[in-house]
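Geometric and topological summary
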Amino acid sequence: MAYQALYRVYRPQRFDEVVGQAHITRTIQNALMEQRMSHAYLFSGPRGTGKTSLAKIIAKAINCEQAPVNEPCNECPTCRAITEGSSPDVFEIDAASNNGVDEIREIRDKVKYPPSEAAYKVYIIDEVHMLSTGAFNALLKTLEEPPAHAIFILATTEPHKIPATIISRCQRFDVKRHEVDQLMERMQYILSDQTIGYTETALRLIARAADGGMRDALSLLDQAVAFSNGDLNDDAVLEVTGAVEDEALLAVANALHAHQVDQLLQTLEQMQRAGKDLKRFVEDLVFFYRDTLLLKASPTAVDLLERARPTAEFKTFVETIETETCFHIIEQLHDCQQQMRLTNHPRVLVEIAFIQIAEQGRTTGQIVQSLQQEVRELKEQMHQLKVTGVPAAENTPAQPVKRKQARPTVRIAKERIRQMLSRAEKAQLLEIQERWDAILKLILKQDGPIYSLVHESKPVLCSADTLLIEFDNGKGWHFEQVMTNERTRFVIEEALFEVCGVKREILAILDNDWKELKAEFVAKRNSSNIEEKEVAVESEEDRLLSETLGRFGDIVEFED
Ligand SMILES: [Zn+2]
């Protein structure tokens, strides 16, 4: 017999084999027993959670020769024909491939004829959201006046794409994602049935990788079993799930801890070349640090570890890292995960997160070093006092001096700002200014440090593609960060887009430079305006310009 995929062999054939959807099966079983089934059902939920399996069980239960029943017998010719897909009265339509109006029209034309063998004609339309508008209209006609012998079961992963007119004619059920434990239980059952040995770690890894879908879990299990040559082992699972081995996670964590940025970037490069999923990798890393925290809090809790194995190396790592640091790193990785959802360049974000984490470690290390140095110096001075009774000479090592408010070295994008001034968008600016608080609030939600960087800035100039924000003269460092840090600008730009619906590149400027450029602009316009007045034609650009000038009416005082 040809090999059959596990998820086909172990497809639920009865309601009581459907995992984790009791809220649905109970309702439907009651309706079956009371013989008041609806004419249209809609199952919505993530892929591979058993929507079409449920549909087929319903088709069997309602047509079973023992009906009314609350479970199909799976023995009678009708049940068997439906299981095998050979019943002339049960139609499975995949809207993803048959999205034409014609197929649905055919249903509409033929639905009126009574079923040939079974009691009901059952139409199962999978991925129904893929139907064209024309097909939806044809379907709606049928749903409006369904013949008594027809039942429609629609399944979709994207219910929001289905017209409300269709939804309102269906009894709707939301099929839930499966819990890790539910997936594990089912896999345990299957493996015992197949007399294949397994480790719990392997099952847990598969269950997590499947992200709540039974079909994904079972096809991963299939592959891992094939890879394992016998009993299911962890290596095979790691291979097929693309998860990163716990040794690799430990190596990355150690590199982060030792500020080995080069090595971290190389590791990322290798991973991407090996086709590892970076999103999953970051998640693995979060779990790894969670395991670290767990073991720090309770050294005996080794069986609660999710990613790390309690090796001697891991235990050493747990002892050397501080709880605070773990929390901090988890937070940053979590932020990174959030950002990764919005981008097509996840690697860049992971690189930035790694550099930030590694650099932070370094800074703390430096602080400790300089504190140790100061303590050493103080001790020496104490010693000196004891011995001689006078303070040490003036030429002791210089005390660290507070950094002066140095003029930032980052250059101001003067030419761009001049161009912006001549193409200023006043209305847009006013809107952004009005909503600046909302934008800042959103930034705070996204990233605390970036918020503290920009919360005292204000938008001062807007053009079709750029927004200029101004900082007080004392905030040179803030200005510099915005101008040089891509992620900072990205977060501001995203918040701006979310709140105002406009995309603008962010530029920053310090107060003094801004005043200077405004003054220069006004002086220039004043001289050329005299000539333009003679032309007496006000172009659109001029109108915007005079509006801009109107807004800068206050800057005359800055002119010399
Ligand atoms: Zn039956």
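So, here's what we can say about the structure. Here the structure is a predicted model, which means the values were calculated and not measured.

Parameters and conventions
Residues numbered from 1 in each chain as written. Predicted model: local features only at pLDDT ≥ 70, side-chain atom pairs only at ≥ 80, totals over all residues. Heavy atoms only, no water. Core = buried A, V, L, I, M, F, W, Y, C linked by side-chain atoms within 4.5 Å. Buried < 20%, exposed > 50% of the residue type's maximum accessible area, 1.4 Å probe, protein only. Contact = heavy atoms within 4.5 Å. Axes fitted to C-alpha atoms, helices over the stretch in contact; angles between N-to-C directions. Helix = DSSP H or I, 4+ residues; strand = E, 2+ residues; numbered from the N terminus. Parallel < 35°, antiparallel > 145°, perpendicular 65-115°, else oblique. Left-handed = near helix turned anticlockwise from the far one by under 90°. Donors = N, O, S within 2.8 Å, 3.2 Å for Na, K, Ca; no water. Polar contact = N/O pair within 3.5 Å; in protein donor to acceptor, adjacent residues only side chain to side chain. Pairing = 2+ DSSP bridges.

**Points about the nonpolar core**
Core analysis: the largest hydrophobic core is formed by 41 residues, its most contacted members being Ile417, Ile432, Ile443, Leu461, Leu467, Leu468 and Ile469. With residues near it in sequence (within four places) discarded, isoleucine 443 still touches Ile450, Tyr451, Val454, Val491, Ile492 and Ala495.

**So, the packing of helix α10 (residues 214-228) against helix α11 (residues 234-241)**
At a minimum axis separation of 8 Å, α10 and α11 run at an interaxial angle of 130°. With respect to α11, the axis of α10 lies oblique. The two elements α10 and α11 cross, and the hand of that crossing is right-handed. Where α10 approaches α11, its residues Leu220, Gln223, Ala224, Phe227 and Ser228 are matched on the opposing element by Ala236, Val237, Glu239, Val240 and Thr241.

**Notes on the coordination of the zinc ion**
For the zinc ion, the protein coordination sphere consists of Cys64 (SG), Cys73 (SG), Cys76 (SG) and Cys79 (SG), at 2.3 Å. Coordination of the zinc ion draws on donor residues from a single chain, spaced C-x8-C-x2-C-x2-C in sequence. On the accessibility criterion, cysteine 64 (4% relative accessible area) is buried.

**Topic: the environment of aspartate 235**
Here aspartate 235 is to be found in helix α11. With eleven residues separating them along the chain, aspartate 235 and alanine 224 place their C-alpha atoms 8.8 Å apart.

**Thoughts on the side chain of serine 44**
Mapped onto the secondary structure, serine 44 falls in strand β1 (residues 40-44). The class of serine 44 is buried, set by a relative accessible area of 3%. Within the structure, the side chain of serine 44 is placed 3.5 Å from the side chain of arginine 172, a separation counted as a polar contact. Each residue touching serine 44, except ones within four places of it in the same chain, is listed here: Lys51, Thr156, Pro159, Arg172, Phe173, Asp174 and Val175.

**With respect to the sheet that holds strand β4 (residues 150-156)**
As summarised here, the arrangement of the five strands in space is β2-β3-β4-β1-β5, forming an open sheet in which the pairing is parallel. Single-partner strands in this sheet number two, and they are β2 (90-94) and β5 (171-174). Neighbouring strand axes in the sheet, compared pairwise and without regard to direction, differ in orientation by 15° on average. Where strand β3 (residues 121-126) meets β4, five bridges bridge the pair, whose relative direction is parallel. Bridge assignment links tyrosine 123 to a residue of β4, and that residue is phenylalanine 152. Across the sheet, helix α3 (residues 51-63) is in contact with β1, β2, β3 and β4; its angle to β3 comes to roughly 180°. Against the sheet, helix α5 (residues 101-110) touches β2, β3 and β4, its axis set at about 165° to β3.

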